[in-house]
Amino acid sequence: MFRFRSLAALLLSVCLLVAFGCSSEPKKEEAKTEAPAPAPAETQKEAAKPLTLGLILVGPYNDKGYSQAQYEGGKYVEAHMSGAKLIYLDKVNPADRPGLTIPQVADDLIEKGADLIIAGSDDMKDGILEAAAQHPDKIFVHASGDSAWTGKAPANLGNLFGKMIYAKMLAGFTAAMTTQTGKIGVVGPLINDETRRLMSAAYLGARYAWTEVRGKDAKDLTFNVKWIGFWFNIPGVTADPTQVAGSLYDDGYDVVISGIDTPDNVVVAKQRADAGKKVWALPYDYEKACEGQGGICLGVPYFNWGPMFLKLAKSVADGSYKPGFEWVAPYWADINNPDKSPVGFMPGPGMSADTKAALDKFIAELGSGKLDLFTGPLNYQDGTPFLKAGEKATDKQIWYMQQLLQGMEGLSSPE
C-alpha cells in the first residue's frame, strides 16, 4: 500500500530548486492576483488587515476534485476579504514533485509573504507539524488531521475540516435509491481513519435507503470498497482507478461511488453507458463534478472550503484566531448554501424525482436530529462492537473508526 510518509523518508532536498522551477501554476495572465469582487451588501464589513494565504495542494489546482475545491476556496477568500491574496503550490506529492518536503514548501510561501499557511491533505501531517515548529511567528492550519485535538500540535497549528460524513451518507442514500441490482461499488483511495469513516457513512446512508425507504432486506444489498492506494492515480504505484471502476461495473455493480480526488468513475460510467449498460456514478469533492456528464451522474458530495477559509483568514488577520480542532457540521437549513455550508451534496442530472423527494426528507431528518445513523447496535467487520444498542457515537468514535462496518465488503486495513 502506497504511503506518503514512507516515501518522504527517501526525498532528496536537492530537488527543491527543480520543483519550484517546474511549478504548475496557471499561465501568468491567470496567476495574477485578481481584484477582489464586491461582496454582497449583507456580507460587506470593515476591511480587515491585508493577509496573504499560502495554500499547499496535494493534486492539480484544476483536478475537478479535492484540490480544485480547495483552490477555489482560496479564491473565495480573495473575493470576499479586502486585501486578501492567494499564493499556492499544487501537485505537492512524491510522484509529481519528488524531493520536495512540506517544510521546504512552507519556507518558500513564507518568503513570498504568506501570513497563513494551509496544508490541504492528510498526508502532510508530519511535514506541517515540522514547518509550524520552525516558524512559530506564523499561523499554520492542517485541513485534515487531528494534531490539535491530540495535543501534539505546536501553539501556532490548528486543524480544520468539514463533516463530510454527512455528505457521504447522502451519496450512499442516493446510490441505494437508484441501484437496480442491489450492488454498489466504491473506488476508495488509501486506508486510514478518514477513509474508513467516510466509506462507513456512505454505507449507513445506503443501508437506510435500501431497508427503510425501499423496504428491502439488508442481506440483499452489496456494498464493496476497492482501494487504489492513494488519493488519486499514480501510474506504477497505485491501482488504476479506471480499471477498478470498470471491474466493478463488469461484475454487476450498477452504481459506483468515488472516494478519490478525481472523477475517474464518471468517465468509466459514461463509457459503459455508451456501450448500452444501465449504470450510474457519483464523483467526489468538487461541486461541479456532475456538470456535462448527463444522466449517468447521480450527484456529488463536495467540500465548500470558501466559508471555512474566509472565517479562518479574517480571524488570523484581526488576531483573534486561537488554533484548535474544528470539524464543522453542514448548514442543515441549506446544505448547498455557498456562503454557509462547509460540505454539500449537489444532485446530478441522473437523480430521479422520487429519489430527490426521498433525499430531501432524509436531509431534513438528519438536520433536525430526528435521525442519527451513527447509533448502535453497530458492529465492525470482524463482529466486534462499535456501538452498543442505543448508543450514539461521539465525534471521536467516528473520527477514529478502527474498521469498516459489518455488512460492508473490502479491506479495513492495509494488507
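Residues numbered from 1 in each chain as written. Predicted model: local features only at pLDDT ≥ 70, side-chain atom pairs only at ≥ 80, totals over all residues. Heavy atoms only, no water.

Trainee: Hey, could you run me through the side chain of E194 in this one?
Mentor: Relative to the helices and strands, E194 is located in helix α9 (residues 193-213). Of the buried charged residues, E194 lacks a salt bridge, with R197 as the closest side chain of opposite charge at 4.6 Å. Reaching out from E194, the side chain makes a polar contact with the side chain of S144 at a distance of 3.5 Å. Discounting residues that sit within four places of it in the chain, E194 has contacts with D122, S144, F161 and W231. (Helix = DSSP H or I, 4+ residues; strand = E, 2+ residues; numbered from the N terminus. Buried < 20%, exposed > 50% of the residue type's maximum accessible area, 1.4 Å probe, protein only. Lys, Arg positive; Asp, Glu negative; His and termini not counted. Salt bridge = Lys/Arg side-chain N within 4 Å of Asp/Glu carboxyl O. Polar contact = N/O pair within 3.5 Å; in protein donor to acceptor, adjacent residues only side chain to side chain. Contact = heavy atoms within 4.5 Å.)

Trainee: Sorry if this is basic, but what is going on with the packing of helix α10 (residues 241-250) against helix α11 (residues 264-274) here?
Mentor: The description of two helices packed together rests on the angle between their axes and the distance between the axes. Two elements in contact, α10 and α11, have axes whose closest approach is 9 Å; the angle formed by their N-to-C orientations is 45 degrees. Considered as vectors, α10 and α11 are oriented oblique to each other. Regarding α10 and α11, the two cross each other, and that crossing is right-handed. Residue-level inspection shows P241, T242, A245, G246, Y249 and D250 of α10 in contact with α11, the latter providing D264, N265, V268, A269 and R272. (Axes fitted to C-alpha atoms, helices over the stretch in contact; angles between N-to-C directions. Parallel < 35°, antiparallel > 145°, perpendicular 65-115°, else oblique. Left-handed = near helix turned anticlockwise from the far one by under 90°.)

Trainee: Looking at this model, I keep getting lost on the environment of P283. Mind explaining?
Mentor: Following the sequence through the fold, P283 ends up in the loop between β9 (280-282) and β10 (299-303). Exposure remark for P283: the relative accessible area of 1% places this residue in the buried category. Leave out the neighbours within four places in its chain, and P283 touches S258, P263, N265, V266, A289, C290, C297, G299, V300 and P301.

Trainee: Which parts of the structure should I look at to understand the sheet that holds strand β3 (residues 116-119)?
Mentor: Remark on secondary structure: sheet strands pair via backbone hydrogen bonds, oriented parallel or antiparallel. Spatial ordering of the open sheet is given by β2-β1-β3-β4-β5-β11, a layout of six strands whose pairing is parallel. Strands with a single pairing partner mark the edges of an open sheet, and in this sheet they are β2 (85-89) and β11 (325-328). Mean inter-strand twist for the sheet, computed between neighbouring axes without regard to direction, equals 20 degrees. When β3 meets strand β4 (residues 139-142), the two strands line up parallel, connected through four bridges. (Pairing = 2+ DSSP bridges.)

Trainee: Where do I start with the pattern of salt bridges in this structure?
Mentor: Once the charged atoms of two side chains with opposite charge are near each other, the side chains can pair. This structure, assessed with the given rule, holds 10 salt bridges. Residue R196 is joined to D193 by a salt bridge in which the shortest nitrogen-to-oxygen separation is 2.8 Å. One end of the pair, R196, and the other, D193, are both in helix α9, three residues apart, so they sit about a helical turn from each other. The residue K356 makes a salt bridge to D360 at a minimum N-O spacing of 3.0 Å. Here K356 pairs with D360, and both are found in helix α13 (residues 353-368), just four residues apart, close to one helical turn.

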